[in-house]
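Listed below are the residues making up each chain.
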Amino acid sequence: MEQKKTNYVKTVFILGIMVIVLGISLILWNWKIIPPELPWFYSLPWGENQLVNKLFFVWLTLGQLVTWLGVYWLIEKLKQNDSETKLVILLGGLVALFLILVSIVKVMIIFV
């Protein structure tokens, strides 16, 4: 049973990598179409304060990759063999990755 849970952890990790690669590929695929600045900070007053350079989205996805690899490295370093905890941590991270991807796609759809 423990082996099955370990396989789930690896599957969730691979799904997270796939979400990040999908985000990077969407950005790069539409790079020429994307305007130099995009709205991102909707909580700020309307205008230039909301805009970010399109490189921000590349850095955002690279930051996701570094964070995802770091979280996976940390949970693998846990002394306990508690696969349920590892799986819950990764599933929470996967949800966060997916929500950021949806936000990026939502902003890009405006201009693509």
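Chains are numbered independently. Their residues run from 1 in the order of the written sequence. Since the coordinates come from a predicted model, pLDDT governs what is reported: local features require at least 70, and pairs of side-chain atoms require 80 or more to be given and counted, while whole-chain, interface and lining totals use all residues. The basis for the side-chain values is all heavy atoms of the structure; hydrogens and waters are excluded.

## Details of the environment of Phe13
Every helix listed is a DSSP run of H or I at least four residues long, and every strand listed is a run of E at least two residues long, numbered separately from the N terminus. Mapped onto the elements, Phe13 comes out in helix H1 (residues 2-29). Relative accessibility thresholds used throughout: buried, under 20% of the residue-type maximum; exposed, over 50%; partly exposed, between the two (1.4 Å probe, protein chains only). Classification of Phe13 as buried rests on a relative accessible area of 16%. As a C-alpha pair, Phe13 and Ile24 span 11 residues in sequence and 17 Å in three-dimensional space. Residue contacts are defined here by distance: any two heavy atoms, one from each residue, within 4.5 Å place the two residues in contact. The contacts of Phe13, once residues within four sequence positions are left out, are Trp68, Leu69, Tyr72 and Leu90.

## Focus on a nonpolar patch on the surface
Patch building starts from residues that exceed 30% relative accessible area and form no salt bridge, then joins like charges within 9 Å and nonpolar side chains (Val, Leu, Ile, Met, Phe, Trp, Tyr) within 5 Å. Per-residue accessibility takes into account occlusion by the displayed protein chains alone, with areas from the Shrake-Rupley method and a 1.4 Å probe. Only one rule defines a salt bridge in this text: a Lys or Arg side-chain nitrogen within 4 Å of an Asp or Glu carboxyl oxygen. A cluster of nonpolar residues, Val95, Phe98, Leu99 and Val102, forms a patch on the protein surface that exposes about 360 Å² of accessible area. Checked against the element boundaries, Val102 lands in helix H3 (residues 83-109). Given a relative accessible area of 36%, Val102 falls into the partly exposed group.

## Considerations on helix H2 (residues 55-76)
For a helix, the expected span equals 1.5 Å multiplied by the residue count minus one. The terminal C-alpha atoms of H2 lie 32 Å apart, and with 22 residues this matches the ideal 32 Å at 1.5 Å per residue to within 8%. Three or more residues of H2 are buried, namely Phe57, Thr61, Gln64, Trp68, Tyr72 and Ile75. Buried residues of H2, seen end-on, are gathered within an arc of 75° and therefore sit on one face of the element. Across H2 from its buried face, at more than 90 degrees, point the exposed residues Trp59, Val66, Thr67, Trp73 and Leu74. Directions drawn from the helix axis to the C-beta atoms are what define this arc.

## Some words on the side chain of Lys54
Along the polypeptide, Lys54 turns up in the loop between strand S2 (51-53) and H2. Two residue types count as positive, namely Lys and Arg, and two as negative, namely Asp and Glu; His and chain ends fall outside the count. One buried charged residue, Lys54, forms no salt bridge at all, with the nearest opposite charge on Glu37 at 11 Å. There is a polar contact of 3.1 Å between the side chain of Lys54 and the backbone oxygen of Trp31. For Lys54, the residues in contact, after removing those within four places along its chain, are Trp31, Ile34, Pro35 and Pro36. Counted as a polar contact is a pair of N or O atoms within 3.5 Å, where, for protein atoms, one must be capable of donating a hydrogen and the other of accepting one, and residues adjacent in sequence contribute only when both atoms are in side chains.

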